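Inside the fold
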Amino acid sequence: MAEIVLKNVTKKFGSVVAVDNLSLVIKEGSFTTLLGPSGCGKTTTLRMIAGLDHPTSGEIWIGDRCVFSSEKGHYVPPGKRNLGLVFQSYALWPHMTVFENISFGLSVQKRRAEYIQEMTREVAAILRIEDLLDRYPSELSGGQQQRVAIARVLVMKPQVMLLDEPLSNLDAKLRMDMRSELKRLHSETGSTIVYVTHDQLEALTMSTDVAVLHNGILQQLAAPMDLYHRPKNLFIADFVGNPRINLIQGRLVEDQGRVAIEAGGLRASFPRVSDLSLVGQEATLGVRPEDIVLSSDPTPEGFKATVYSVLPAGSEWYVRVKVGNDLVTVTTYDDMGLVNDQPVWIRIQPNRAKCFTNNGELLAYIGQD
Amino acid sequence: MNPQAFLGRVRRNATPHAILCVIIVAFLLYVVVVPLAVMIKETFIVHPMERFQIPGAMPGDATLHHWKKTFTGSSAGPFFFKPLMNTLIMSISMSILALLIGGVLAWLVVRTDLPCKKFISNLAIVPYIMPSWTMSLAWITLFKNPRIGGSVGLFQYLTGITLPDWFSYGMFPIVITLAVHYFPFGFMLISSALEDIDSQLEESAELLGAGRGLTLRKIVFPLVMPAILSTFLLTFSRGFGTFGTPSFLGGPVRLYVLSTLLHANLVGQRPGMAYLVALVMILMGSLILYMDTKLLGARKSYVTISGKGGKRGLVSLGKAKWPATVLVMTFLVCVTFVPFGVLAIESLTLIPGDYSLSNLTLHYWIGPASTSIGLRTGEAGILRNTEILRALGNSLKVAVLTALLCGVLGMLIGYTVARMRGTRFAGVLDQLSFMPYLMPSIAFGSAFLALFSVPRGPIPSLYGTLALLVLACTVKYLPYSSRAGISAMMQIGPELEEAATMAGASWFKRISSIIFPLQKSSFFSGLLLPFISAMRELSLVVLLVTPGTQLATSITLKFTDRGWYPYTNAVMILIVFAVLVTTWISRKLMGTDLAKGIGG
């Protein structure tokens, strides 16, 4: 239970910069997710917090202790940082039973045998694996292995739990279950959790805070819903959300003394942006599929489009429509009996369009407060 | 950078594997690279015993004499070019023959409905496990003609036909016996290449309408081609460094190859020229390895990548099934039981050349020292002959120590390379530990002779000690164990150790309770190949043994020189027996598959 602070942390592998001047505060008791595509530096960041990798420069603090400083030559080895790491592959020792796996850390600390017994059983009970203690990892299912890996960390009562894509090896259904369990575990233990994933849905559903990394640079640190609705740049808007946000190239125009964007066959205005010097610039319009309303009858404010293809997904339908030369995805929640090449009319929900400048920064979104 | 920051950085980076890396690289540089440099130097100086061959020269003077005499003038023929040609002819023909035998056998076993496959596969690697010159001794025993004096061979005894020299000695039997020793290479490598081919590749071809024959020609053959070429190069490179066979079979007709020339140069007091020959051999070895990795490297990969050998239909041999089986069995019996039996009979024959029952004896096994019985050698039978027993004991000691050292070093190298993966050092260490592989055995032996014959700095002269033999064998077989160690370590992934690091375990704790237990089985099975190799090694040690450090293999040279074949053969039987028993036991105990380690 401690705050983690990274100050100007840079990590280079040879000439490749994996993490670039990263400053980040992970709040005490938070469930902070490092999110990004592969190679964005998220796992490297986690391993630097763990002490398995060393920053090229910068400082790392855990609580009130400086565990790494390139300047002062400080370095606290992983085993003394009082944190636990759950590996993506679980890294269970195949030659040890579940009991031996969980109790290994305690035996390294040379705890009393009774204490080891007691603690191991207690943690095993929390994770509901007390019946598996005599088994070997190869005799367990993926989900059970996952629990053992977490138990092995929990038993050490760490200040901070680090999890490196722990759910990526599970099948889709089990992943859903484990998400809720992990979230539950977080609220029960109250420990700080740093969680690494490339799965934006996982990040949104579990975290209290999400830090998006790209090319080793921190893009945004925000609560999940903020991230979804107010992405700071094009990259985040595109990376977060499934199906992907619609991005349409366009140009800023004037609309009754305010700035608006014309993109393809669509148009959206941003009443709060009055800087008319922007007019004429190229920009990108971003609209999430669920923020578009589709109707098969003409509507006054609707833009005309034709159906390109229809993808039913159970509870919803993803409809690809063609507006001008652009393909736009729309989520609908009713079966409208659409057929290919049928004319439809689409309308952007009020206050939901986003506009990004040419260098990818968010210029404005409607409904800004 | 301030001093504090610098110290911190040094402390962080002085990880156990970094320290290990430095130590191992230093060791390998000393035993692999330094000998090369010393050898090069030796080719440019006058040695004490060469004083009289070079008028006016003093020992230690710089000279170009060795280079001139080896490569130019009238001496270049017999002293270099003729043996070089012989070496090429020998290695190329025997590799082709070995590949043919091994390839056909592999195809029969993997792709057809030949019966008794397991038995055939087991029997087919026996010739490789036996010392390489076992076959040549059996050949001599069988086909000896009166040319080298003494008795005649079993064949002439039984048929009365005197065999021509070209059949009994020289290139023909050398090629045959070496091919018989090395065909298991081809058999194993081509078998595994054939097994690795994704059956879908063939099935797609057949679905597209290609017949069996066309599929074989257009799909299977091109896919195993890299394995075939690579096996050829491998066989070739092992072949030209071998000493025993060309020495036993080429000696009687004065046929020299580079390895026997190297030996003759050293024995004949021409060390400068000997080292020059060794360098040429090492150069050839490097060239072959270069060809193997550069020319084949890219193509090789696609055979191994697929590796999804699903169920596939076997080619039916039809009427040819039983004739083929008989042929294969006959061949395998001829190259395993027959030579072994011939050696056994010879060792039980009191007066050589007389194979009647009344001449049977155990004299050469357990008889007392006598100058009046049989060959009148004055040597006791091998089981009560202290000199031979000591040599056998030495062989066992050297083999056990070599195996253990190779195992430990291989594991440490594997660990270090796996941990430093992606850095320059991992590559350097990997390459360095593989270098001895490309050095022909006898040339490598001569390199060690050059390095350790005199004390250098703090390192004493090891010449005349068993330690030198152990060291030479360890370094020479290190490629097997380092390859095995690297691939084993790569498989366990760093997280398993990192998880223990996170739990606060020290390096020794991590090694003893995580790494070693996980590596135990591959460690123990990795001991087998170095053990066997050391037990049957001759080429490598022939230049390094002294009367006090005779090994079982090298002592047979002494008996062969004197024509005392029964002793030679009896000792050979013991060596083969020891090797086979070890292989069998380790297979039973640990399921070790020798085939995996060979060819590395």
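If you're wondering where the values come from, they're calculated on a predicted model, not measured in any experiment. (Residues numbered from 1 in each chain as written. Chains lettered and ligands numbered in written order. Predicted model: local features only at pLDDT ≥ 70, side-chain atom pairs only at ≥ 80, totals over all residues. Heavy atoms only, no water.)

**Brief notes about the overall build of chain A**
Secondary structure assignment for chain A yields 8 helices and 22 strands. Along the longest, intermediate and shortest principal axes, the C-alpha atoms of chain A span 75 × 50 × 35 Å. Burial analysis of chain A (369 residues in total) assigns 53% to the buried set. Nonlocal contacts in chain A, meaning residues at least 24 apart in sequence, comprise 62% of its contacts between residues at least 6 apart. Of the roughly 16500 Å² of accessible surface on chain A, 48% is carried by carbon and sulfur atoms. Side chains of chain A give 38 positive and 42 negative charges; the mean places of these two sets differ by 4 Å. (Helix = DSSP H or I, 4+ residues; strand = E, 2+ residues; numbered from the N terminus. Buried < 20%, exposed > 50% of the residue type's maximum accessible area, 1.4 Å probe, protein only. Contact = heavy atoms within 4.5 Å. Areas by Shrake-Rupley, 256 points an atom, 1.4 Å probe, with all protein chains shown as cover. Lys, Arg positive; Asp, Glu negative; His and termini not counted. Charge placed at Lys NZ, Arg CZ, Asp CG, Glu CD.)

**Observations concerning empty space enclosed by the protein**
Residue and element names in this part refer to chain B. As enumerated under the stated definition, the model contains 3 cavities of 30 Å³ or more in all. In this structure, the largest cavity occupies an estimated 390 Å³ of space. If you go around the largest cavity, you meet 27 residues; those closest to its centre are Tyr182, Arg238, Ser441, Arg536 and Glu537. Those elements giving two or more residues to the lining of the largest cavity turn out to be α10 (171-196), α12 (212-240) and α22 (466-492). Of the residues assigned to the lining of the largest cavity, the class counts are 13 nonpolar, 10 polar and 4 charged. No fewer than three residues from each of domain 1 (16-47 + 55-60 + 361-600) and domain 2 (64-311 + 319-360) sit in the lining of the largest cavity. A volume near 120 Å³ is recorded for the second largest cavity. Around the second largest cavity sit Gly407, Gly410, Met411, Ser481, Ala484, Gly485, Ala488, Gln519, Ser522, Phe523, Gly526 and Leu527, which together line it. Of all the elements in the fold, those that place two or more residues in the lining of the second largest cavity are α19 (386-419), α22 and α24 (507-526). Looking at the lining of the second largest cavity, its residues break down into 5 nonpolar, 7 polar and no charged. (1 Å grid on protein atoms, 1.4 Å probe; cavity = no way out; pocket = protein on both sides within 12 Å on 5 of 7 lines; lining within 4 Å. Points joined across faces, edges and corners; volume = space filled by probe spheres on them. Nonpolar A, V, L, I, M, F, W, Y, C, P; charged D, E, K, R; others polar. Domains from an automatic or database assignment.)

**Describing the interface of chain A and chain B**
Counting residues at the interface gives 29 residues for chain A and 22 residues for chain B. Surface buried jointly by chain A and chain B totals about 2000 Å² across both partners, of which 67% is contributed by carbon and sulfur atoms. When the area that chain A buries against chain B is broken down by residue, the three leading residues are Trp93, His95 and Phe104 of chain A, summing to 23%. Among the ionic pairs, Glu498 of chain B bridges to Arg47 of chain A, the shortest N-O distance being 2.7 Å. (Buried area = accessible area lost by both parts, 1.4 Å probe. Salt bridge = Lys/Arg side-chain N within 4 Å of Asp/Glu carboxyl O.)

**Points about the packing of helix α4 (residues 142-154) of chain A against helix α5 (residues 172-189) of chain A**
Relative placement of two packed helices is described by the angle separating their axes and the distance separating the axes. Residue and element names in this part refer to chain A. Direction vectors running N to C along α4 and α5 enclose 15°, while the axes themselves pass 12 Å from each other. Between α4 and α5, the interaxial angle falls into the category roughly parallel. Seen along the crossing, α4 lies across α5 with a hand that is right-handed. Residue-level inspection shows Gly143, Gln146, Arg147, Ile150 and Leu154 of α4 in contact with α5, the latter providing Leu174, Met178, Glu181, Leu182, Leu185 and Thr189. A per-class count over the contact of α4 with α5 returns 6 nonpolar, 3 polar and 2 charged. (Axes fitted to C-alpha atoms, helices over the stretch in contact; angles between N-to-C directions. Parallel < 35°, antiparallel > 145°, perpendicular 65-115°, else oblique. Left-handed = near helix turned anticlockwise from the far one by under 90°.)

**Side note on the pattern of salt bridges**
Applying the stated criterion across every chain yields a total of 21 salt bridges over all chains. For Asp430 of chain B, the salt bridge goes to Arg483 of chain B, with nearest N and O atoms at 3.0 Å. Residue Asp430 of chain B is located in helix α20 (residues 424-434), and its partner Arg483 of chain B is located in helix α22; the two are separated by 53 residues in the primary sequence. Beyond isolated ion pairs, a larger network of salt bridges with shared partners links Arg47 and Asp53 of chain A together with Glu498 of chain B.

**So, the pairing of strand β21 (residues 354-357) of chain A**
All names here are of chain A. Judged by which residues are buried, β21 turns out to be covered on both faces: Lys354 and Phe356 on one side and Cys355 and Thr357 on the other are all buried. Two elements, strand β15 (residues 282-287) and β21, share 4 bridges in a ladder whose sense is antiparallel. When the sheet's bridge partners are listed, Gly286 is paired in β21 with Lys354. (Pairing = 2+ DSSP bridges.)

**Examining the packing of aromatic side chains**
Under the criterion given, the structure shown has 27 aromatic pairs over all chains. Between Trp166 of chain B and Phe172 of chain B the ring centres are 5.3 Å apart and the planes differ by 75°, which places this aromatic pair in the edge-to-face class. Given the relative accessible area of 34%, Phe172 of chain B is considered partly exposed. The ring of Tyr228 of chain A has Arg288 of chain A sitting right over it, with the charged end atom 4.0 Å from the ring centre. Here the basic side chain of Arg536 of chain B rests over the ring of Tyr128 of chain B, its NZ or CZ set 4.8 Å away from the ring centre. (Phe/Tyr/Trp six-rings, centres within 6.5 Å; stacked < 30°, edge-to-face > 60°. Lys NZ or Arg CZ within 6 Å of the ring centre and 35° of its normal.)

**Details of the domain arrangement of chain B**
All names here are of chain B. You can read the domains of chain B as domain 1 (16-47 + 55-60 + 361-600) and domain 2 (64-311 + 319-360). The C-alpha centroid of domain 2 is placed 23 Å from the C-alpha centroid of domain 1. Listed per partner, the contact involves 55 residues of domain 1 and 55 residues of domain 2. Summed over both sides, the interface between domain 1 and domain 2 buries roughly 4800 Å², with carbon and sulfur atoms accounting for 76% of that surface. The interface formed by domain 1 and domain 2 includes 4 residue pairs in polar contact (both at pLDDT 80 or more). When residues of the side of domain 1 that touches domain 2 are traced back to their parent elements, those giving at least two are α2 (16-42), α18 (363-366), α21 (441-452), α26 (552-561), α27 (565-590) and α28 (594-597). Among the elements that line the side of domain 1 that touches domain 2, the one with the most residues is α27, at 13 residues. When its residues are assigned to classes, the side of domain 1 that touches domain 2 shows 37 nonpolar, 15 polar and 3 charged. (Polar contact = N/O pair within 3.5 Å; in protein donor to acceptor, adjacent residues only side chain to side chain.)

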